[in-house]
Amino acid sequence: MRSSTATLIGLVALLLWSSLAALTVATGSIPAFQLLAMTFAIGALAGMAGWLFRPTAMTALRQRPVVWLVGVAGLFGYHALYFLALRFAPAAEAGLLNYLWPLLIVLMSAWLPGERLAVHHVIGALLGFAGVVMLFGGDLSGAFQGRYAPGFIAALCAAFVWASYSVLSRKFGTVPTDVVTGFCIATAVLATLVHLVLESTVMPQTAVQWFAVIALGLGPVGLAFYAWDIGMKRGDIRLLGAASYATPLLSTLLLIVMGYAKPTSSLWLAALLIAGGGLLAAKDAFRAKR
């Protein structure tokens, strides 16, 4: 598979993740870990359905313990930390710290063999992060209070976990993407155990809520992880890292379209910063195409 094709597949993951917030809101009051268990179970079932047509794909589950450690820590560890961050800190500030992961991916990519980190990659990622700051309100002075420290630490750890998982996926480039099905199964099991210990079960009450749960499992918590794995292993990891900042922007736009949020002046400035940063980071791709 060509690098450009893998990069486009990776971008599909970002588009799917942009619907995560809107679909999550549409699920109603389902507890976080229960929703995590349900959606990852659907994502796992979707991957297992492919085994009916490719029975040999099941052999992808036979991997070294370190591969399983990285995969399960990436999928379950990231989501668990992010949910903890939202529980112990305000959503805007926690989300902002969590969205350091695209910048971390760009910076960590310099450690990979054959990758070269240029100044425009870093500047592009920083512009994207500045856009996210605007998107989350712009003026955050005094917002990071000490009493929210546990939530902020969890959000930072979540960013490092996801960035590490993404970059390490490149190190395991020979591992088939089919192994993501196993990661989804393990994440669903762990989320179920945490749900049974900490939460009360709340089942979807309407057809819309059931549709949102299924759509989450098939899209942002299903196909997206398979697409991201391909993009990280075979695509332009620096470009995908910088482009990741478009996800919160697209997510906000979708919330506005669905009536869950209202447009603000900072949204358009954020769009310019994120788009400009993405184009700057993608300069190499445009040059290669010419």
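Residues numbered from 1 in each chain as written. Predicted model: local features only at pLDDT ≥ 70, side-chain atom pairs only at ≥ 80, totals over all residues. Heavy atoms only, no water.

Participant: Mind showing me how you'd approach the pattern of salt bridges here?
Facilitator: For side chains of opposite charge, pairing can occur when their charged atoms come near one another. Enumeration over the complete set of coordinates arrives at three salt bridges. Of the charged contacts in the structure, one is a salt bridge between aspartate 178 and arginine 54, with a shortest N-O distance of 2.8 Å. A residue pair is termed long-range when its members are at least 10 positions apart, and aspartate 178 in the loop between α8 (149-171) and α9 (179-198) and arginine 54 in the loop between α3 (32-49) and α4 (65-88) qualify at 124 residues. Taking the relative accessible area as the measure of exposure, aspartate 178 reaches 18% and is therefore buried. (Salt bridge = Lys/Arg side-chain N within 4 Å of Asp/Glu carboxyl O. Helix = DSSP H or I, 4+ residues; strand = E, 2+ residues; numbered from the N terminus. Buried < 20%, exposed > 50% of the residue type's maximum accessible area, 1.4 Å probe, protein only.)

Participant: Sorry, what's going on with the side chain of threonine 7 here?
Facilitator: Relative to the assigned elements, threonine 7 resides in helix α1 (residues 3-17). For threonine 7, a relative accessible area of 7% gives the class buried. Of note is the side chain of threonine 7, whose polar atom sits 2.8 Å from the backbone oxygen of serine 3. Residues within four places of threonine 7 in sequence aside, it is in contact with Gly235, Asp236, Leu239 and Leu240. (Polar contact = N/O pair within 3.5 Å; in protein donor to acceptor, adjacent residues only side chain to side chain. Contact = heavy atoms within 4.5 Å.)

Participant: Quick question: what am I supposed to make of the environment of proline 150 here?
Facilitator: The topology assignment puts proline 150 in helix α8. For the pair proline 150 and alanine 89, spaced 61 residues apart in the sequence, the C-alpha separation amounts to 7.5 Å.

Participant: Explain the packing of α9 against helix α10 (residues 207-234) here, please?
Facilitator: Packed helices, taken two at a time, are described by the angle their axes make and the gap between the axes. Where α9 contacts α10, the two axes come as close as 10 Å, and the packing angle between them is 135°. When the axes of α9 and α10 are compared, the pair comes out oblique. Seen along the crossing, α9 lies across α10 with a hand that is right-handed. The residues of α10 that touch α9, namely those facing Val180, Thr181 and Cys184, are Phe225, Tyr226 and Asp229. In terms of residue class, the contact of α9 with α10 is built from four nonpolar, one polar and one charged. (Axes fitted to C-alpha atoms, helices over the stretch in contact; angles between N-to-C directions. Parallel < 35°, antiparallel > 145°, perpendicular 65-115°, else oblique. Left-handed = near helix turned anticlockwise from the far one by under 90°. Nonpolar A, V, L, I, M, F, W, Y, C, P; charged D, E, K, R; others polar.)

Participant: Before we go on, may I ask you to explain the packing of aromatic side chains in this structure?
Facilitator: Working definition: an aromatic ring pair is given by the centre-to-centre distance plus the angle between the planes. Applying the stated criterion to the full structure yields twelve aromatic pairs. Here tryptophan 162 and phenylalanine 225 contribute two aromatic rings whose centre-to-centre distance is 5.9 Å and whose plane-to-plane angle is 65°, an arrangement assigned as edge-to-face. Within this pair, whereas tryptophan 162 is found in helix α8, its partner phenylalanine 225 is found in helix α10, the two being separated by 63 residues in sequence. Here the two residues tryptophan 162 and phenylalanine 225 agree in accessibility, since each one is buried. Through pairs of rings, three or more aromatic residues link up here, namely Trp17, Phe40, Tyr78, Tyr82, Tyr99, Trp101, Trp162, Tyr165, Phe225 and Trp228. (Phe/Tyr/Trp six-rings, centres within 6.5 Å; stacked < 30°, edge-to-face > 60°.)

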